Amino acid sequence: MAKKQFKAESKRLLELMINSIYTNKEIFLRELISNASDALDKRHYLSLTDPSRKVSSKDLKITLEADKENRTLVIQDTGIGMTAEELEKNLGTIAKSGSAEFRAQLEKAEKNIDIIGQFGVGFYSAFMVAKRILVETRSAQSDQAYSWSSSGEDGYIISPIEKEQIGTRITLTLKEDTDDEKYSEYLEEYKIRDLVRKYSDYVRYPIMMEVTRSIPDPTDDKKTIDTKEMETLNSMIPLWKKQKSKIKDEEYNEFYKSKFNDWEDPQKVIHYNVEGTLSYTALMFIPSRTPYNFYYQDFEPGLRLYSRGVFILDKAKDLLPDYFRFVTGLVDSEDLNLNISREILQQDRQVRALARSIEKKIQNALEDMLKNDREGYEKFFENFGLNLKFGIYKDYGINKDKLQDLILFRSSAENKYVTLKEYIERMKEDQDKIYYACGTSVEEIEQLPVMSRIKDKGYEVLYFLDERDEFVSGIMRDYDGKEFQSVSSAGLDLDSEEEKKEKEEKAQESKGMLEAMKDALGSRVKEVRVSSRLKDDPVCVVADEGISLEMEKYMANDPMNKGTGVRAVKILEINPSHPIFAKLQEIYQNDPEKLADYADVLLNQALLIQGLPIENPVEYARKITDLMIG
Ligand code: ADP
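Residues numbered from 1 in each chain as written. Predicted model: local features only at pLDDT ≥ 70, side-chain atom pairs only at ≥ 80, totals over all residues. Heavy atoms only, no water.

Draft legend 1. Highlighting helix α17 (residues 549-557). Along α17, the residues that are buried comprise L549, E550, E552, K553 and M555. Contact partners of the buried residues in α17: β16 (433-438), α12 (442-446), α14 (469-476), β21 (539-543) and β22 (570-574). (Buried < 20%, exposed > 50% of the residue type's maximum accessible area, 1.4 Å probe, protein only. Helix = DSSP H or I, 4+ residues; strand = E, 2+ residues; numbered from the N terminus. Contact = heavy atoms within 4.5 Å.)

What follows is the structure, encoded as C-alpha cells:
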C-alpha cells in the first residue's frame, strides 16, 4: 500500500505535536480514552436501535496494555470502529483544515499551544509521546478490517488486515526517554492508574488493565507470589450522575476539556437535576473564551443528548436557543425515546419541553452570575455579549424581554459596564430618556462636541461601541418606559424653558444668516439651526428622524448595501455662544459672498468630527488655507 501524505495543515499540526514542548503531555491518554468511549457510545446506540447489530453490554469496554520490553502502550476498545474511508477522513486530515482562520491561528500556535485543543485534534496529541502509531480497526458496518500506521510527518499507510473483533486497537510505540521527559513512565501501572482516575474516571465503560497483585503463597505463608488479574480502573459513574457536592472543580474541568475540545477550563459550570413530569440531568458549560469560529457558519452549536445514560446524539441544536448557542454540554433524560433522530428532534413534544426548561436554567444561571459574580459576568459578556445582542434584534425582537437585562454597555459614568436597569435606577429626576452616543472607542465618543453639555447636565450616556448596538436600541425602542435617544439625533432636547426662549430669540435674530447658509449648502443639509447641545465647540451635525449617522457609516461599509448611498438626513447646528456665531453674523452683514465658504468649511468640520467622510477633501483643505491667509 502506498504511503499517503497528510494534508498540509494536518502536517503542520503534527510537527507541532511531535516537537511539542507542552508540559502536559499526559493528556494524550485522556484524549484516546475519550475517543474510545465515544466509539462505544455509538456502538451501544446502534445495538439498541438495530436488532441485527446487537451487542451485549458486558462486551463494551476499553482495555489498556503496557509492554515495557517493546515500549508499547495499547488502547483498545470494542466500539463502532472505522471503515477505510473513515480512517482516511478522520485520521488523515483535520476536519477544519480548510478554514483560513485555522491556518492563521496555527501560525501563532507554536508559542501558544493552547489553540490546538480547539480544533478537535485529540487523536494527534498521541504524537507528543509516541514515535509511531498503529491503529487497527474494524467497523461494525463492515467485514473487512484495516490498519493505519504512521511515524509522523512522513505520512501514513492504510492496509487491509485480519481482525476478528469489532472495534479499534491503537498501539503507541513510545519515544525514547530524554533528560527532560521520561516517556517510559506511561508504561508503569501506577502512572496509568493515576491518569485514568484523574482524567477518565467517569467514563461509562470499564477501562481495564491487567495488574500485578501480591497474594500469600499457598505453599508457604511467609511468602507472597505475584499474580496477574484484570482490574477495572475507573468508577464508571458518569460525572453528571454524581452528587454535585461530591464533585471537585477539577473533575468538572477535566471532563469539560476532554469532552468538548477545549484546553482551557470552562468559565462557568451549570449542573442540575430536574425531577417531575420531565426528568433530566444537565451538565453544561460556558467556555472561558470565544471559540475561534463562533461567528462563522462552520460553528456547530448544540448539546449532547443522552437517554438514561445512553448516548443518542451529538450537537443537538434544537435543545438550545440561538442566543445561548455558546453553551456546550450534555443532557441526560429519563423520558426520551431512544429512536429519536436529528430530523424529528424539533417536532418532539418532550424535546421541546426539555429545550424550554434548559433555556430557563441558562437564563437563571446568567442572571445569577450577573448578580453575584460581576467580574466573571463581564468577562463572559466580552466573549459572548454580541450573541446576546443578536438575540435581541433577531426575529423582530420577540426575545428582547428575556435578554434585555443580560446586556451591558459602557457608559460615561466611570467608564465601566452598566446594565439598563442600573442606568434607569440612577437617572436624574428631570431626565426622561436613555441617552446614548455611538463611536468606535470611548475616547472618540468623549470628544464628541455634544458630550460636554450632557456632562454638565449630569446625564449618564451609554456608549454604543458596537455598530449593532443601535439595532438593539432600535428594536427595543424603550426600556422600562424610557425611550432611547441618540445624542447625535435632531430630537435631542437639553434646554430648559428659559434657555429655549433665549435660543428662539437668537434664531429669529439670525434667521437670514441661517437661511443663507442653508442655501449655500443645498441638499447636503436639511436645515442650519441654532444648537442647544453644544457647549465649547462651534458646530455639529445631527441626523433627522430615520437613518442615523451611525447607520449611514455602517451601510457604507456593509457589502450588501455598499453603493446604495443610503444617507442620514443631516442638520447643521451652530453654537450661539461660540465666537464663530458672531463672526458668521458679521460676514453675513458685510461680505455675504464669503458666507458660502464658511458654511462649507463648518459642515465639513462637523462631518469629520463625527467620523463621516467629506465629499471633496482637496477643496476643503484649500478653503481652510484661504481663510488662514485671510
Ligand atoms: P475528535 O475526537 O475531537 O473528533 P480526534 O482527532 O480525536 O478528534 O478524532 C477524529 C475522529 O476519528 C473522531 O471524531 C472519530 O470519528 C474517529 N476516531 C478516533 N478514535 C476512534 C476510535 N477509537 N474508534 C472509532 N473512531 C475513532
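Don't stop here, the text continues.
Draft legend 2. Spotlight on the packing of helix α16 (residues 511-521) against helix α19 (residues 592-609). Interaxial distance between α16 and α19 falls to 9 Å at its minimum, and their mutual angle equals 75°. Judged by the inter-axis angle, α16 sits roughly perpendicular to α19. Along its contact with α16, which presents M513, A516, M517, A520 and L521, the element α19 presents L595, A596, A599, D600, L602 and L603. Of the residues that constitute the contact of α16 with α19, the class distribution is 10 nonpolar, no polar and one charged. (Axes fitted to C-alpha atoms, helices over the stretch in contact; angles between N-to-C directions. Parallel < 35°, antiparallel > 145°, perpendicular 65-115°, else oblique. Nonpolar A, V, L, I, M, F, W, Y, C, P; charged D, E, K, R; others polar.)

Draft legend 3. A look at the pattern of salt bridges. Considering all chains together, one arrives at 59 salt bridges under this definition. Where R53 meets D50, a salt bridge forms, and the shortest distance between an N and an O atom there is 3.7 Å. Through salt bridges with shared partners, a single network forms among R30, E31, E254, K257 and D265. (Salt bridge = Lys/Arg side-chain N within 4 Å of Asp/Glu carboxyl O.)

Draft legend 4. Structural context of a negative patch on the surface. Judged by side-chain charge, E429, D430, D432, D478, D480 and E483 come together as a negatively charged surface patch. For D478, a relative accessible area of 31% corresponds to the partly exposed category. (Patch = residues over 30% accessible without salt bridge, like charges linked within 9 Å, V, L, I, M, F, W, Y side chains within 5 Å. Areas by Shrake-Rupley, 256 points an atom, 1.4 Å probe, with all protein chains shown as cover. Lys, Arg positive; Asp, Glu negative; His and termini not counted. Charge placed at Lys NZ, Arg CZ, Asp CG, Glu CD.)

Draft legend 5. Main features of the environment of L64. Residue placement: L64 occurs in strand β1 (residues 62-67). Taking the relative accessible area as the measure of exposure, L64 reaches 2% and is therefore buried. As for L64 and T171, which are separated by 107 residues in sequence, their C-alpha atoms are 9.8 Å apart.

Draft legend 6. Here's a closer look at the environment of V418. Its location among the elements puts V418 in strand β15 (residues 417-418). When near neighbours in sequence (up to four residues on either side) are disregarded, V418 contacts R374, I407, L408, F409, S411, R426, E460 and L462.

Draft legend 7. Spatial organisation of the sheet that holds strand β3 (residues 130-138). With mixed pairing, eight strands are arranged side by side in an open sheet as β5-β4-β3-β6-β2-β1-β7-β8. If you trace the sheet from one side to the other, it starts and ends with β5 (156-161) and β8 (220-232), each paired once. Within this sheet the neighbouring strands show an average axis-to-axis angle of 20°, counted without direction. Across the face of the sheet, helix α3 (residues 84-92) comes into contact with β3, β4 (145-150) and β5 while running at roughly 25° to β4. (Pairing = 2+ DSSP bridges.)

Draft legend 8. Fine view of the side chain of S412. Tracing the backbone shows S412 in the loop between β14 (409-411) and β15. In terms of polar contacts, S412 uses its side chain to reach the backbone amide nitrogen of V461, at 2.7 Å. Among residues more than four places away in sequence, those in contact with S412 are K455, Y459, E460, V461 and Y463. (Polar contact = N/O pair within 3.5 Å; in protein donor to acceptor, adjacent residues only side chain to side chain.)

Draft legend 9. Representation of the sheet that holds strand β20 (residues 527-530) in the model. Pairing is mixed across the open sheet formed by three strands, whose spatial order is β20-β22-β21. The open sheet has two free edges, formed respectively by β20 and β21, since each of these has just one partner strand. Across this sheet, the average inter-strand angle for adjacent strands is 30°, counted without regard to direction. One ladder, built from five bridges, connects β21 with β22; its direction is antiparallel. Each bridged residue has a counterpart across the sheet, and for C540 the counterpart in β22 is E573.

Draft legend 10. Structural detail: the packing of aromatic side chains. Considering all chains together, one arrives at 33 aromatic pairs under this definition. With a centroid separation of 5.2 Å and 70° between ring planes, the pair formed by F294 and F384 is classed as edge-to-face. Of the two residues, F294 sits in the loop between β10 (280-286) and β11 (303-307) while F384 sits in helix α9 (residues 374-393), which places them 90 residues apart along the sequence. With relative accessibility at 1%, the residue F294 sits in the buried group. Summarising the aromatic geometry, the rings of F390 and Y393 are spaced 5.9 Å apart at their centres and angled 65° between planes, so their arrangement reads as edge-to-face. Linking F390 with Y393, this pair stays in helix α9, spanning three residues, or about one helical turn. F390 sits in the partly exposed class, given a relative accessible area of 25%. The cationic tip of K361 hangs over the ring face of Y272; the distance from NZ or CZ to the ring centre is 4.8 Å. Over the ring of Y417 we find R410; its NZ or CZ atom is 4.2 Å from the centre of that ring. (Phe/Tyr/Trp six-rings, centres within 6.5 Å; stacked < 30°, edge-to-face > 60°. Lys NZ or Arg CZ within 6 Å of the ring centre and 35° of its normal.)

Draft legend 11. Representation of the side chain of D41 within the structure. Structurally, D41 can be placed in helix α2 (residues 27-49). You can call D41 buried: its relative accessible area is 3%. For D41, the contacting residues outside a window of four places in its chain are R204, Y205, Y306 and F311.

Draft legend 12. Spotlight on the environment of I170. When you line up the elements, I170 lands in strand β6 (residues 167-174). Assessed through its relative accessible area of 10%, I170 is described here as buried. Counting along the chain gives 294 residues from I170 to F464, while the straight-line C-alpha distance between them is 54 Å. Excluding anything up to four places from it in sequence, I170 contacts L32, L73, V74, I75, F123, I133, L134 and V135.

Draft legend 13. Molecular detail of the pairing of strand β9 (residues 268-274). Relative to β10, β9 is paired through seven bridges, and the arrangement is antiparallel. Across the sheet, the residue bridging to K268 is I286, located in β10. What sits between the antiparallel neighbours β9 and β10 is a turn of five residues, in which G276 has the positive phi angle 160°.

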